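# Coordinate inspection notes
The primary structure of each chain is shown beneath.
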Amino acid sequence: MDWTRYRFRSEWPLPADPAVVYEVLERVEDYPRWWRQVREVRRIDGTRGVVTIRSLLPYGLTFTAREVRRDPAAGVLEIAMSGDLDGWARWTVSADGTGSLARYEQLVDVNKPLLRRFAVPGRPVFRANHRLMMRAGRRGLVGYLGTV
């Protein structure tokens with residue numbers, strides 16, 4: 001097992017139309033407005049940006065995100081990541097009852113030296129940290145959707 005590789009999956013039931021959710025998720029530069037763990041998004045050009053995140057643990061992660069797929073008809077947004085994290089992340093938004101379901105999937109290798117050094121003993125803590133970040137992101141998005 002590669003202890004520095006992580007696969008994550010989260011599902012967010014949301015009280016908004018899938019098209020609205022997709023449009024909000026598509027505006028990555030607005031993530032810090034509703035997701036406090038996304039500290040900064042700085043656009044490089046039309047398809048790339050530098051993202052800095054930090055959750056409960058006292059370390060930040062910075063990576064370059066490059067758009068790989070933007071497909072409103074399928075509800076898919078996908079990026080490639082390089083930097084402290086190498087890999088990919090994908091949102092898939094679909095209808096769910098009167099609202100929508102935003103599915104987040106991610107596969108990354110951690111490059112940050114501190115996280116690599118503590119890969120084995122820290123793995124459960126790092127996974128819990130990610131769960132907390134995702135839970136806060138969903139809460140923030142639900143609140144933000146009420147304002148758009």
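The sections below set out a description of the structure shown in this document. Computed from a predicted structure; not experimentally measured. (Residues numbered from 1 in each chain as written. Predicted model: local features only at pLDDT ≥ 70, side-chain atom pairs only at ≥ 80, totals over all residues. Heavy atoms only, no water.)

The biggest cluster of nonpolar side chains holds 38 residues, and the ones touching the most others in it are Trp12, Leu25, Trp34, Trp35 and Trp91. The leading source of residues in this core is helix H4 (residues 119-145), at 6 residues. Those residues in contact with Trp91, other than ones at most four positions away along the chain, are Trp12, Leu25, Tyr31, Trp35, Gly75, Val76, Leu77, Ala102, Arg103 and Tyr104. (Core = buried A, V, L, I, M, F, W, Y, C linked by side-chain atoms within 4.5 Å. Buried < 20%, exposed > 50% of the residue type's maximum accessible area, 1.4 Å probe, protein only. Helix = DSSP H or I, 4+ residues; strand = E, 2+ residues; numbered from the N terminus. Contact = heavy atoms within 4.5 Å.)

Time to look at the environment of Arg138. Of note, Arg138 is situated in helix H4. For Arg138, a relative accessible area of 28% gives the class partly exposed. Along the backbone, Arg138 and Trp35 are 103 residues apart, and their C-alpha atoms lie at a distance of 8.1 Å. Of note is the side chain of Arg138, whose polar atom sits 2.6 Å from the backbone oxygen of Pro13. (Polar contact = N/O pair within 3.5 Å; in protein donor to acceptor, adjacent residues only side chain to side chain.)

It is worth spelling out the pattern of salt bridges at this point. Two side chains with opposite charge may pair up if their charged atoms get near one another. With the rule as written, the count across this model stands at 13 salt bridges. With its nearest N and O atoms 3.8 Å apart, the salt bridge here joins Asp30 to Arg33. With its nearest N and O atoms 2.9 Å apart, the salt bridge here joins Asp45 to Arg48. Asp45 gets classed as partly exposed once you look at its relative accessible area, which sits at 32%. With relative accessibility at 32%, the residue Arg48 sits in the partly exposed group. (Salt bridge = Lys/Arg side-chain N within 4 Å of Asp/Glu carboxyl O.)

Running from amino to carboxyl end, helix H1 (residues 18-26) crosses H4 at an angle of 115 degrees, the nearest separation of the two axes being 11 Å. Considering the angle they form, H1 stands roughly perpendicular to H4. Of the two elements, H1 crosses H4, and the hand of that crossing is right-handed. Here H1 contributes Val20, Val21, Val24 and Leu25 to the contact with H4, which in turn contributes Leu141, Tyr144 and Leu145. Taken together, the residues of the contact of H1 with H4 sort by class into 7 nonpolar, no polar and no charged. (Axes fitted to C-alpha atoms, helices over the stretch in contact; angles between N-to-C directions. Parallel < 35°, antiparallel > 145°, perpendicular 65-115°, else oblique. Left-handed = near helix turned anticlockwise from the far one by under 90°. Nonpolar A, V, L, I, M, F, W, Y, C, P; charged D, E, K, R; others polar.)

A contiguous patch of positive charge on the surface is contributed by Arg36, Arg39, Arg54, Arg135 and Arg139. By the element assignment, Arg54 lies in the loop between strand E3 (48-53) and strand E4 (61-71). (Patch = residues over 30% accessible without salt bridge, like charges linked within 9 Å, V, L, I, M, F, W, Y side chains within 5 Å. Areas by Shrake-Rupley, 256 points an atom, 1.4 Å probe, with all protein chains shown as cover. Lys, Arg positive; Asp, Glu negative; His and termini not counted. Charge placed at Lys NZ, Arg CZ, Asp CG, Glu CD.)

The subject of this paragraph is the environment of Lys112. Mapped onto the elements, Lys112 comes out in the loop between strand E7 (99-110) and helix H3 (113-117). A sequence separation of 53 residues divides Lys112 from Tyr59, and the C-alpha atoms of the two residues are 9.8 Å apart. Ignoring sequence-local partners within four residues, the contact set of Lys112 consists of Gly60, Leu61 and Asp84. In terms of polar contacts, Lys112 uses its side chain to reach the backbone carbonyl oxygen of Gly60, at 2.6 Å.

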